[in-house]
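A closer look at the structure
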Amino acid sequence: FQMLYQQLDAALETENDLFVLRVVTEAIIPITVQWLEPMEEAVGAGAQELDNLCALANNMDTCMEMTERFMEKAEEALSDTCLLAKLSSGPLDSAIAKVRRRALTLLVDIIFEDIGPVLTEIKERTWDEERKVIAVLEMLGEFLARVGTPLLALPMKTLCTLILQRLVIEYADALLVVKQN
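Now for a quick tour of the structure. Worth saying up front: this structure is predicted, and the values here are computed from it rather than measured.

1. Describing the overall build of the protein
Of the regular secondary structure elements, the protein holds 6 helices and 0 strands. For the protein, the succession of helices and strands along the chain, N to C, is α-α-α-α-α-α. Residues classed as buried in the protein amount to 36% of the 181 residues present. A separation of at least 24 residues holds for 73% of the contacts in the protein among residues at least 6 apart in sequence. Accessible surface, the protein: about 10,700 Å² in total, of which carbon and sulfur atoms supply 55%.

2. Brief notes about the pattern of salt bridges
In total, this model carries 4 salt bridges according to the counting rule given. As a salt-bridge pair, Asp 61 and Arg 100 come within 3.2 Å of each other at their nearest N and O atoms. Of the two residues, Asp 61 is situated in helix 3 (residues 50-78) and Arg 100 in helix 4 (residues 90-124); the sequence distance between them amounts to 39 residues. In this structure, the salt-bridge partner of Arg 166 is Asp 109, at a minimum N-O distance of 2.9 Å. Of this pair, Arg 166 sits in helix 6 (residues 153-180) while Asp 109 sits in helix 4, and the two are 57 residues apart along the sequence. With a relative accessible area of 27%, Asp 109 lands in the partly exposed category.

3. Describing a negative patch on the surface
A surface patch of negative charge is lined by Glu 65, Glu 68, Glu 72, Glu 75 and Glu 76. Along the chain, Glu 68 falls in helix 3. Owing to a relative accessible area of 46%, Glu 68 belongs among the partly exposed residues under this scheme.

4. Things to note about the environment of Phe 70
Topologically, Phe 70 is positioned in helix 3. In this structure, the C-alpha to C-alpha distance between Phe 70 and Ser 89, residues 19 residues apart in sequence, is 9.7 Å.

5. Examining the packing of helix 1 (residues 2-13) against helix 3
Angle between the axes and distance between the axes: these two values describe a pair of packed helices. Put simply, helix 1 and helix 3 touch, their axes get as near as 11 Å, and they point 0 degrees apart. Taken together, helix 1 and helix 3 sit at an angle that is classed as roughly parallel. On helix 3, the residues touching Leu 4, Tyr 5, Leu 8, Asp 9 and Leu 12 of helix 1 are Met 66, Arg 69, Phe 70, Lys 73, Ala 74 and Ala 77. For the contact of helix 1 with helix 3, the per-class residue count stands at 8 nonpolar, no polar and 3 charged.

6. Some remarks on unusual backbone geometry
Despite not being glycine, Glu 15 has its phi angle at roughly 55 degrees, a positive value. Looking at where Glu 15 falls in the secondary structure, it is placed in the loop between helix 1 and helix 2 (17-44).

7. Observations regarding the nonpolar core
Among the nonpolar cores identified, the biggest contains 53 residues, and Leu 107, Leu 159 and Ile 163 are the most heavily contacted of them. Elements with a minimum of two residues in this core: helix 1, helix 2, helix 3, helix 4, helix 5 (130-148) and helix 6. Top contributing element to this core by residue count: helix 4, with 15 residues. Ignoring any residue separated from it by four or fewer positions in sequence, one finds Ile 163 in contact with Val 108, Ile 111, Phe 112, Leu 140, Phe 143 and Leu 144.

8. Regarding helix 1
Its 12 residues place the ends of helix 1 17 Å apart at the C-alpha level, agreeing with the 16 Å of an ideal helix rising 1.5 Å per residue. Buried within helix 1 are the following residues: Leu 4, Tyr 5, Leu 8 and Ala 11. Viewed end-on, helix 1 has its buried residues packed into an arc of 125 degrees, placing them on one side of the element. Residues of helix 1 that are exposed and angled more than 90 degrees away from the buried face: Gln 2, Met 3 and Glu 13. Of the residues flanking the end of helix 1, it is Glu 15, one or two places downstream, whose phi is positive at about 55 degrees.

9. Examining the packing of aromatic side chains
Aromatic ring pairs: the centre-centre distance and the angle between the two ring planes describe each pair. Enumeration over the complete set of coordinates arrives at 1 aromatic pair. The ring of Phe 112 carries the charged tip of Arg 166 above its face, separated from the ring centre by 4.4 Å.

Rules and cut-offs
Chains are numbered independently. Their residues run from 1 in the order of the written sequence. This being a predicted model, a pLDDT of at least 70 is required before a residue's local features are given, and a value of 80 or more before pairs of side-chain atoms are given or counted; all residues contribute to the totals for chains, interfaces and linings. Processing note: side-chain calculations cover all non-hydrogen atoms of the structure and skip hydrogens and water entirely. Going along the chain from the N terminus, every DSSP run of H or I of four or more residues is numbered as a helix, and every run of E of two or more is numbered as a strand. Between buried and exposed lies partly exposed: a residue is buried under 20% and exposed over 50% of the maximum accessible area for its type, with that area taken using a 1.4 Å probe on protein chains only. Any pair of residues with heavy atoms lying within 4.5 Å of one another is described as a contacting pair. Here the Shrake-Rupley method, with its probe set to 1.4 Å, supplies the accessible areas, and only the displayed protein chains count as covering residues. Here, a salt bridge means any side-chain nitrogen of Lys or Arg that lies within 4 Å of a carboxyl oxygen of Asp or Glu. In this analysis, a patch consists of residues with relative accessible area above 30% that form no salt bridge, clustered at 9 Å for like charges and at 5 Å for the nonpolar side chains Val, Leu, Ile, Met, Phe, Trp and Tyr. In this tally, Lys and Arg are treated as positive and Asp and Glu as negative; His is ignored, and so are the chain termini. Where a charge lies is defined by one atom per residue type: Lys uses NZ, Arg uses CZ, Asp uses CG and Glu uses CD. Working convention: axes come from line fits to C-alpha atoms, limited for helices to the stretch in contact. Angles between N-to-C directions cover 0 to 180 degrees. Orientation labels follow simple angle bins: below 35 degrees gives roughly parallel, above 145 gives roughly antiparallel, 65 to 115 gives roughly perpendicular, and whatever is left gives oblique. As a working rule, the residues Ala, Val, Leu, Ile, Met, Phe, Trp, Tyr, Cys and Pro are called nonpolar, Asp, Glu, Lys and Arg charged, and the rest polar, with Gly in that last group. Nine residue types can take part in a nonpolar core, namely buried Ala, Val, Leu, Ile, Met, Phe, Trp, Tyr and Cys, and a core is a set of them joined through side-chain atoms within 4.5 Å. A helix is expected to span 1.5 Å for every residue after the first. Comment: arc refers to directions from the helix axis out to C-beta atoms. Planes of paired rings set the category: under 30 degrees apart is stacked, over 60 is edge-to-face and the rest tilted, where pairs are Phe, Tyr or Trp rings (Trp by its six-membered ring) whose centres lie within 6.5 Å. By definition, being over a ring means that NZ of Lys or CZ of Arg is both within 6 Å of the ring centre and within 35 degrees of the ring normal.

As structure tokens, then:
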């Protein structure tokens, strides 16, 4: 991002608003989006170790913060012009969110691999079997304790939301199966 700031600063020095807009929208944002593409591919291709996924989710959080600061600087420069309406970090925000979401989804997949057999047993019987539900909660607690240290607050919150969503889906599926029988 340091190079991006340097490019923006160089464009700002020209005092040409259209040039600033074009540097941001036609160079900086597309280049950064291209830089993110291999990261997304790496997540899908096996960079699935717990620490790597946590680091990637954190890195995307930092990228989002840096993008916001960068865009604020560009918006400030274009604030008195009609060009401000054309300034958007949408494609970059989307690419960052996509990589972060993929990393966090893989973390959810990892935990559900561990608790899957217990969930299957619960589904085959009843969800109110206290011993099994406690086992699932303990596994979730251990997993969150493992990733809680390396993950920043926002990725951790998103991870918890994804885990809860998946649990609700699993529970609803189990209820539907019981109701059909």
